[in-house]
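Per-entry structural report
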Amino acid sequence: MLEKTNVKVLDKVVVRFSGDSGDGMQLAGNIFTNVSAGVGNQVSTFPDYPAEIRAPQGSLSGVSGFQVSVGRGVHTPGDQCDVLVAMNPAALKQNVRFLKPGGVIIVDVDSFTENDLKKAQFKTLDPIAELGLEGFQIMETPVTSMTKAALEGRGMDNKSVLKCRNIFALGVVCWLFDRDINAAKRHLNKKFAKKPAVAEANSLVLDAGYNFGHNTHASVSTYRIETEDPRPGIYTDINGNTATAWGLIMASEKSGRPLFLGSYPITPATDILHELAKRKDLGVKACQMEDEIAGVCSAIGASFAGNLAVTSTSGPGLALKSEGIGLAVIAELPLVVIDVQRGGPSTGLPTKTEQTDLMQALYGRNGESPVAVVAPASPTDCFTMAFEACRIAIEHMTPVILLSDAFIGNGSSAWRIPEADEFPAIKPNYLPSDIDKTSWKPYQRDAETLVRYWAIPGTEGLQHRLGGLEKDCVTSAISTDPANHEKMVNLRREKIARIANNIPELTVQGNADADTILVGWGGTYGHLMTATDQLCATGHDVAFAHFRYINPLPKNALEVLSRYKNIIVAELNTGMFADYLQAKIPGKTIKRINKIQGQPFLVKEIVDSVIDLTK
Amino acid sequence: MEQDKPCYTAANYKSDQSVRWCPGCGDHAILNTLHKAMATLGVPPHMTAVISGIGCSSRLPYYMNTYGFHTIHGRAAAIATGFKVANPEMTVWQISGDGDGLAIGGNHFIHAVRRNIDINILLFNNKIYGLTKGQYSPTSARGFVSKSSPYGTTEDPFIPAELVFGARGNFFGRSIDVELQTSQEVMVAAARHKGASVVEILQNCVIFNNGIHNAITDRSVRADRTIHLRHGEKMIFGANGDKGLVRDGFLLKAVTIGQDGYTMDDVLVHDAHTPSNFLHQQLAMMDGETLPLAIGIIRDVEAITYNDGVEAQVKEVRAKKGFNTLRDMILAGETWEVK
Ligand SMILES: Cc1ncc(C[n+]2csc(CCOP(=O)(O)OP(=O)(O)O)c2C)c(N)n1
Ligand code: SF4
Ligand SMILES: [Mg+2]
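If you're wondering where the values come from, they're calculated on a predicted model, not measured in any experiment.

Definitions and limits used
Residues numbered from 1 in each chain as written. Chains lettered and ligands numbered in written order. Predicted model: local features only at pLDDT ≥ 70, side-chain atom pairs only at ≥ 80, totals over all residues. Heavy atoms only, no water. Buried < 20%, exposed > 50% of the residue type's maximum accessible area, 1.4 Å probe, protein only. Helix = DSSP H or I, 4+ residues; strand = E, 2+ residues; numbered from the N terminus. Pairing = 2+ DSSP bridges. Right-handed = clockwise from strand over helix to strand, strands pointing away. Contact = heavy atoms within 4.5 Å. Salt bridge = Lys/Arg side-chain N within 4 Å of Asp/Glu carboxyl O. Core = buried A, V, L, I, M, F, W, Y, C linked by side-chain atoms within 4.5 Å. Domains from an automatic or database assignment. Axes fitted to C-alpha atoms, helices over the stretch in contact; angles between N-to-C directions. Phe/Tyr/Trp six-rings, centres within 6.5 Å; stacked < 30°, edge-to-face > 60°. Lys NZ or Arg CZ within 6 Å of the ring centre and 35° of its normal. Polar contact = N/O pair within 3.5 Å; in protein donor to acceptor, adjacent residues only side chain to side chain. Nonpolar A, V, L, I, M, F, W, Y, C, P; charged D, E, K, R; others polar. Near = heavy atom within 4 Å. Areas by Shrake-Rupley, 256 points an atom, 1.4 Å probe, with all protein chains shown as cover. Parallel < 35°, antiparallel > 145°, perpendicular 65-115°, else oblique. Left-handed = near helix turned anticlockwise from the far one by under 90°. Buried area = accessible area lost by both parts, 1.4 Å probe.

1. Some points on the pairing of strand 5 (residues 171–176) of chain B
All names here are of chain B. Burial runs high along strand 5: 6 of the 6 residues are buried. Burial along strand 5 is two-sided: the residues Phe171, Gly173 and Ser175 and Phe172, Arg174 and Ile176 are all buried. Pairing analysis gives 6 bridges linking strand 5 to strand 6 (residues 197–202), with the strands arranged parallel. Within the sheet, the bridge partner assigned to Ser175 lies in strand 6 and is Ile201. At this point the chain moves from strand 5, through helix 6 (residues 180–192), to the parallel strand 6, and the crossover so formed is right-handed.

Encoded structure:
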């Protein structure tokens, strides 16, 4: 065992890997995450990509980051990091603001060339002095030259050698956190299974990095991280988009309806298409269509044909799908629409996170066009809520919009793989066996849920016609009768409202007896939960309610909220959910915490704002 | 009726809804022909789906006793594609007007053809927007005067066949609303063809574009201005059956047999099944002026369909990986156990 100076024992630590977008920071970060999760740490990650695929090398706009928090009680990737890896001056400059006072910087000093410094817009040749990094522990690491030395004599070209620099940095980080180097090697071997030479080179470089830390007895803090005592079971590391895709597959298994995806690539939702395209091995049919409209329309066709039909996109694509979603509303067909939200309007901030599509999801269609809206709270919750979106769509014959976001879609966590019986059966509203098929009409519905019956094409004797024109509520024939239209509008609205009978009630966390309740929805859960814990621990008692079911709201929601003197809604937009709730709770003024910077909340921002708003 | 092989008549495909098109509209004849074509095909009504966009023509599914879906403007091809992929056992028809299929739905149209999804697209070409009461369409000729082009259009039209060939289509047929026999023959062939089949039907809108096809379809000229192509038969036409199409360099030429030294031996034989679309395209582009407009089955070539490709891939990958459930698949990946 190494003798380490200055060992700190921590509940959790945050590491941020940063470098040029071609430097492989995501890979280094992912391996560190997986190795940590493998020893029972909770993990939460935040990949921070630049919008450009390949910005000029070494430039400030080309910096790519990957932040991960590992340890116990981890709900977020952390506001600030304990350790920053910076592969070049630009990365150092862009990321030092994320570092905690006194934190550790691992920086490649070989990259401090005049040229690189100029590209990162430094004015002097001493970036450390120029940035004023006195308060930090700096580990000046010759990453480039040591990587070259480790691979000398292997006949590799310079470019291939330089590609291993990220793994040298990973080796240093593994030393710092006492991570099992062999576990990291297993991940490398898997990643480069088809290129054994590359795997071997990376293994050597990993050792070199680890040994560098060891041999130089670098006098920086090293860490021991507490592990969580998780529920027994089999675990895997999963990001939100993959979890979403898998939740859909689970719903397909539980409903007996084959899964169809119609989609068109768009950041940050594309990985759902990628994952489902792979899942032909489970019978999934994922079709890349010619545009988003065709994506939703092919899904509507598949739904009519009896499949569990899904379309996945981000905000601009949701805008294109509006008319199609309206068709599914009036045709009363099950349809799951996934919006992995990003910064808008228009192309906006394609790689950054926001919660600004809430109003679009709720109201962004012509006519009275209600749909169910749900929102996952975390990367792993994407699995559960994708399943729930499907369950609601199928059991209530309606489009359901799932509002994920870039932060949870790309972020990852350790996830216990559910047992086969953990999720309920989904029961399609097929025609009851005692119904008279000869007099049955397509818009005939269950009296209690108001859900129409699903007659699957191909069934003899149930031929019927659906369409976008208003239908008579009794005969199901086209109707322009004024009173009938109003009746149908109300029926469709009431049908969505009654979904509330089929979803869980709202629960309150934190101190339920406090005067103030902090309220959030969707992907901000981790930050709000952590802020709640911190507030309660520092004598600022708050209750906390987090919404995953947006339309309809859980049955008890308004009653619960009305109990509190202060209601504070925190969200990554200008107050859309607050407005939505305010209209339903006219008696009280809802307070707001808003951030629209393409970045997740910082826990500190929420803590400070709550204290401020309750003074 | 025999138990194992039921026979259907046109009436079995007819719904009880009263037909709402204007009296004299060409759509009536096309609807009746479709009922007959379906009876000839013998695909049971419950194994047939008819999916349309929006327009006068797109009302058609309501008049069918099949599964039907009257959707939104321009999107029928995409919806039919999803339907067919989800349920490849069923026979799927798409009904679109020239606006629905080639303007707002132009992108879906070319991609459905390119992808070769096994659907039968009936394109009702009346060269006008009927439902919205008379605006020019993407098939209206340059200079066409309509409510939205009071001084005549300043743009050139699409020729539907050219789009089909541009999208590398494998089936193209054409008919005229009043040519009941030809329409039925082409519809049946379109349905039997595996892959995207496009059938253009010249349709008369009596209200907003009456007589638009008359220069070709009028009884007095039809025999001389059209040619009914039949696979394996000589390309002859004319009221007296004495005209034929011959090669003229790379192009086609209409001749009178027995004149200028041309004999029956010079007249081309139609081969709808040849993979090269070179001649098919020339035949389809004949416009009834110097060369007769071609009706019948112009191109009918087998190729792998999108839906068969999807099914085959699913089968192959499933067999190779051998997962039964999501859990199997996840457990085969990287996991760790917590006891
Ligand atoms: C999104 C949208 N845009 C416009 C319309 C209006 N609209 C309905 S049908 C139509 C054109 C119909 O022409 P065509 O497709 O040729 O069909 P026809 O009526 O001639 O059979 C238009 C513009 C609509 N229903 N939806
Ligand atoms: S308006 Fe024209 S196309 Fe429409 S139904 Fe009447 S005649 Fe037919
Ligand atoms: Mg038209």
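2. Some remarks on the side chain of Asn126 of chain B
The residue Asn126 of chain B is located in the loop between strand 4 (120–125) and helix 5 (160–166) in this model. Those residues in contact with Asn126 of chain B, other than ones at most four positions away along the chain, are Asp98, Gln203, Cys205, Asn209, Ile212 and His213 of chain B.

3. Quick notes on the pattern of salt bridges
All names here are of chain A. Counted according to the given criterion, the structure contains 36 salt bridges over all chains. Linking Asp108 and Arg165 is a salt bridge whose minimum nitrogen-to-oxygen distance equals 2.8 Å. In this pair, Asp108 sits in strand 6 (residues 99–108) while Arg165 sits in helix 7 (residues 165–176), placing the two residues 57 residues apart along the sequence. With relative accessibility at 0%, the residue Asp108 sits in the buried group.

4. A short note on the nonpolar core
Within the largest apolar cluster, 173 residues are counted, with the highest numbers of intra-cluster contacts made by Trp246, Leu276, Phe547 and Phe577 of chain A together with Phe69 of chain B. Ranked by residue count, the leading element in this core is helix 15 (residues 381–396) of chain A, at 10 residues. The residues that make up this core include at least three from each of domain 2 (235–503) and domain 3 (509–613) of chain A. Once residues within four sequence positions are removed from consideration, Trp246 of chain A is found in contact with Thr236, Ile238, Glu275, Arg279, Phe383 and Trp415 of chain A together with Leu326, Met329 and Ile330 of chain B. Within the second largest apolar cluster, 51 residues are counted, among which are Phe32, Val43, Leu188 and Phe192 of chain A.

5. Quick look at the sheet that holds strand 12 (residues 336–338) of chain B
Spatially, the 3 strands line up as an open sheet ordered 16(A)-9(A)-12(B), and their pairing is antiparallel. Two strands in the sheet have a free side with no partner beyond their single neighbour: strand 16 (412–416) of chain A together with strand 12 of chain B. Neighbour-to-neighbour, the strand axes of the sheet open up by a mean angle of 40°, direction not taken into account. For strand 9 (residues 233–239) of chain A and strand 12 of chain B, the ladder comprises 3 bridges, and the chain directions are antiparallel.

6. Regarding the packing of aromatic side chains
What characterises a pair of aromatic rings is the spacing of the ring centres plus the angle enclosed by the ring planes. The full count for this structure, using the stated rule, is 19 aromatic pairs over all chains. Taken together, a centroid distance of 6.2 Å and an interplanar angle of 20° make the contact between Tyr235 of chain A and Trp336 of chain B stacked. Placement of the pair is Tyr235 of chain A in strand 9 and Trp336 of chain B in strand 12, with the two residues belonging to separate chains. Among the aromatic residues, those joined into a ring-pair cluster are Trp246, Phe383, Phe387, Trp415 and Phe423 of chain A. The aromatic ring of Trp454 of chain A is capped on one face by Arg257 of chain A, whose charged end is 5.7 Å from the ring centroid. One Lys or Arg, Arg452 of chain A, reaches over the ring of Tyr443 of chain A and ends 5.6 Å from the middle of that ring.

7. Remarks on the domain arrangement of chain A
All names here are of chain A. Domain boundaries in chain A define domain 1 (7–225), domain 2 (235–503) and domain 3 (509–613). Between the C-alpha centres of domain 2 and domain 3 the distance comes to 27 Å. In this assembly, 33 residues from domain 2 lie in contact with 29 residues from domain 3. Inspection of the region where domain 2 meets domain 3 yields 1 salt bridge. Note that Arg548 and Asp381 form a salt bridge whose closest N and O atoms lie 2.7 Å from each other. Scanning the region where domain 2 abuts domain 3 turns up 12 residue pairs in polar contact (both at pLDDT 80 or more). At the level of secondary structure, the elements contributing two or more residues to the side of domain 2 that touches domain 3 comprise helix 14 (358–363), strand 14 (372–374), helix 15, strand 15 (399–405), helix 16 (406–410) and helix 17 (482–497). Tallying contributions element by element places helix 15 first for the side of domain 2 that touches domain 3, with 5 residues. Looking at the side of domain 2 that touches domain 3, its residues break down into 22 nonpolar, 6 polar and 5 charged.

8. Observations concerning the site of ligand 1
Among the 17 residues in the neighbourhood of ligand 1, the closest are listed as Cys56, Ser57, Asp98, Gly99 and Asp100 of chain B. Ligand 1 is flanked by residues contributed from chains A and B. The contact in question runs from an oxygen atom of ligand 1 to an N or O atom on the side chain of Asp98 of chain B, over 2.7 Å. Take Gly130 of chain B: an N or O atom from its main chain is 3.0 Å from an oxygen atom of ligand 1. Relative to its unbound accessible area of 590 Å², ligand 1 is 77% covered by the protein chains. Ranked by the residues each element gives to the shell around ligand 1, the list is headed by helix 3 (residues 98–104) of chain B, at 4 residues. The class makeup of the residues in the shell around ligand 1 is 6 nonpolar, 8 polar and 3 charged.

9. Description of the site of ligand 2
Residues in contact with ligand 2, as listed here, are Trp21, Cys22, Cys25, Cys56, Asn126, Gln203, Cys205, Val206, Ile207 and Phe208 of chain B. Looking at the shell around ligand 2 residue by residue, the class counts come to 8 nonpolar, 2 polar and no charged.

10. Some remarks on the sheet that holds strand 8 (residues 236–237) of chain B
Residue and element names in this part refer to chain B. Here 3 strands make up an open sheet; going across it, the order is 8-9-10 and the pairing antiparallel. Each edge of the sheet is formed by a strand with only one pairing partner; in this case those strands are strand 8 and strand 10 (251–256). With 2 bridges connecting them, strand 8 and strand 9 (residues 243–248) associate as antiparallel partners. Bridge pairing in strand 9 places Phe237 opposite Lys243. Along the sheet, helix 9 (residues 278–285) contacts strand 9 and strand 10; its crossing angle with strand 10, the most-contacted strand, is approximately 55°.

11. As for the packing of helix 5 (residues 143–150) of chain A against helix 9 (residues 196–215) of chain A
Helix-helix packing is characterised by the crossing angle of the two axes and by the distance between the axes. Residue and element names in this part refer to chain A. Relative orientation of the contacting elements helix 5 and helix 9 amounts to 130°, with a least axis distance of 9 Å. By the criterion of interaxial angle, the relationship of helix 5 to helix 9 is oblique. As helix 5 runs across helix 9, the sense of the crossing is right-handed. Taken together, the residues of helix 9 that come into contact with helix 5 (itself represented by Met146, Thr147 and Ala150) are Leu204, Val205, Ala208 and Phe212.

12. Focus: the interface of chain A and chain B
Accessible area lost during the coming together of the parts is what is often quoted as the interface size. Taken together, the contact between chain A and chain B spans 70 residues of the former and 56 residues of the latter. Across the chain A/chain B interface, buried area totals approximately 5200 Å², and carbon plus sulfur atoms make up 64% of it. In terms of surface lost to chain B, no three residues of chain A exceed Lys280, Glu290 and Arg465 of chain A, which account for 13% of the buried area on that side. Our count for the contact surface shared by chain A and chain B stands at 5 salt bridges. Residue Lys321 of chain B is joined to Asp281 of chain A by a salt bridge in which the shortest nitrogen-to-oxygen separation is 3.2 Å.

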